[in-house]
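Observations on chain architecture
Residues per chain are reported as follows:
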Amino acid sequence: MAANMCEWLRYQATLSGETREQPQSGNRCSFHPSEEDKLYCKQCNVPVCNECLDEMHSDHETISLKKASRERKAQVEVLITEGRNISEVYSGFLKSLREKEKSLDKQKQEAVNSIIQAYHQFQRGDLKRDYVLFVDGLKYKRKKEALQEERDRVLADVDELSAACDRAEQELQHVWANFLYQETILAELVEKHRGKLQKAALEQRQLVAALFQPPDTQVLPMVTVAAILLVAIGVLLYSQLTFQPHPKTIPFGGEGSGIGQLHFPVGVAVSDQGEIFVADRGNQRIQVFTLQGTFVRQFPTVTLCDEKMTPDDVTLDGEGNLWVVGTHLGFSNFAVQYNKQGRVLRKFNLQKTGFARGVAVDTRRNHILITQTTGVWDNRHGEVLVFSPDGTLVRTVGQKQGMNHPWYITVDGEGNILVSDSRNNCVYVYNKDGQFLFQFGDEGTQGSAEGQLLYPRGICTDRAGNIIVADWGNSRVEMFDKTGRFIKHIATDTSLLIKVVLNFKSRDPWGVAIGPQGQLVMTVVSENATHIIPSY
């Protein structure tokens, strides 16, 4: 099954908008670029070219893609129907959770009103009732968060399944056989959620039963109750009336080399169309996901000579193509341009340094900006190299500021260049011509106070010009304004903010990027996962 999925993914990585719109031009095989996939292996359920047939499928039964599309269309339609039905059940779960949340809000308001009344009237005969309501009010925050976590989990399941059904349904409208490449992943998703459905229903009933069990009516001494009420009124009102739930998050990934799994995810970029591109460093590939966290496709990071490259970072240029920087066997350093389906467009060589790099694009000038660190570990020098797309060096930036290990880099809406230095614990800011403007984050110091950074990693800006930094050493993501003034922690100890994928931890935010509607996308290396925060 794994081999079949790999072949399916290999095919998906080569699909382009041109081949989708003009099926008569055929679909090139990424194993054999000079060949087209014209046959369908019934045993492996994947398209194959003539070369693939000779090498790997010679003893398998094959049919034409056209015939396969006729035979498999009904099965895909059945999968779509079942996927929609499962989504409807999930939607029923969501409706039930919303109703319980409304009930919880009503209970909270009743508790607050009762305590205010008790404070003004202080009628001893009502103290037992007020105490019960008070205790229930104190539990409100915990209950609210539990309901929201369950709601977000179910919503992520709905989004994942609905997106897969939508894509398969769209492909069914085409004359060509593109829907064949959606069948395998849709079948896996339907099978996964079919198994989860019964378990999810049981877990939800248990959760609701635990959260809405009858309150403890143990009677405390009246003096104790009165003291509790008087002392806690201010605290309760403040905490309940000002409570803000954590931002909803969508996690995806998980350690491994299979579909949608990640091994040391580092850089991340998001297209205007809402596709997330993750530099899956340990697996030497780029993986593509939707903004709901659903896997779309992947492609290996190779050069024009088919040399495998370990990616350090990824970014998008003004035409929607990708630029990736990385190393080959630790000896050669490259910058490679790919289209969105993974076809190599061009590459140029970089100086071998032994240190990781970051990459960004100045879309106004079509310049490629790449960080570079040279020297030995205790005597390093950093700079930013600015190239034209053909690899011609335009200029060098930042040689005079004493950069130690510039890693990640971004260009804001005004063309300013921002560089995070993971060893100087600060961010350097330059104008569009490379002139130094300012720095922030207490250069050379290590701290955890507001505005301080510790081994910063990814950096990006939002549409308002605010600067977002992955403060890796402090396990948080911070926001600064365009002048470098600290605004807030988007995530403080991300293990508390983010629903995690592995080991219930989230200690090291790494790459960051902003989506077309302001979503924050973040890679988390310790989880081998990526998280989406729709609002922050």
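Residues numbered from 1 in each chain as written. Predicted model: local features only at pLDDT ≥ 70, side-chain atom pairs only at ≥ 80, totals over all residues. Heavy atoms only, no water.

Brief notes about the packing of aromatic side chains
Considering all chains together, one arrives at 14 aromatic pairs under this definition. Considering the side-chain rings of Phe289 and Phe295, the 6.0 Å spacing of their centres and the 80° angle between planes classify their relative orientation as edge-to-face. Phe295 matches Phe289 in its accessibility class, with the two residues each being buried. Counting every residue linked through ring pairs, the aromatic cluster contains Phe264, Trp407, Tyr408, Tyr455, Trp472 and Trp510. For Arg457, the ring lying beneath its charged end belongs to Trp510, and the centroid distance is 4.4 Å. (Phe/Tyr/Trp six-rings, centres within 6.5 Å; stacked < 30°, edge-to-face > 60°. Buried < 20%, exposed > 50% of the residue type's maximum accessible area, 1.4 Å probe, protein only. Lys NZ or Arg CZ within 6 Å of the ring centre and 35° of its normal.)

Remarks on the nonpolar core
One finds Ile286 and Val427 to be the most contacted residues of the largest nonpolar core, which totals 33 residues. Take this core: its biggest share by element is three residues, from strand E11 (residues 332–338). Setting aside chain neighbours within four positions, we find Val427 in contact with Leu418, Val419, Ser420, Phe438, Gln439, Phe440, Leu453, Ile459 and Val469. Among the nonpolar cores identified, the runner-up in size contains 18 residues, and Val76, Val154, Leu161 and Ala164 belong to it. (Core = buried A, V, L, I, M, F, W, Y, C linked by side-chain atoms within 4.5 Å. Helix = DSSP H or I, 4+ residues; strand = E, 2+ residues; numbered from the N terminus. Contact = heavy atoms within 4.5 Å.)

Observations regarding the pairing of strand E6 (residues 276–280)
Most of E6 is tucked away, with five of its five residues classed as buried. Of the two faces of E6, the one lined by Ile276, Val278 and Asp280 and the one lined by Phe277 and Ala279 are each fully buried. The hairpin formed by strand E5 (residues 265–270) and E6 contains five residues between the paired strands, and Gly274 there has a positive phi angle of roughly 85°. In this sheet, strand E7 (residues 285–289) lies alongside E6 in antiparallel orientation, the contact comprising five bridges. Each residue of the ladder has a partner; that of Ala279, found in E7, is Ile286. The turn linking E6 back onto E7 is made up of four residues, and Gln284 within it adopts a positive phi angle of 50°. (Pairing = 2+ DSSP bridges.)

Considerations on the pairing of strand E23 (residues 476–480)
Taken across its five residues, E23 has five buried, putting it largely inside the fold. Of the two faces of E23, the one lined by Arg476, Glu478 and Phe480 and the one lined by Val477 and Met479 are each fully buried. Pairing of strand E22 (residues 467–471) with E23, which is carried by five bridges, proceeds in the antiparallel orientation. When the bridges of E23 are listed, Asp471 appears paired with Arg476.

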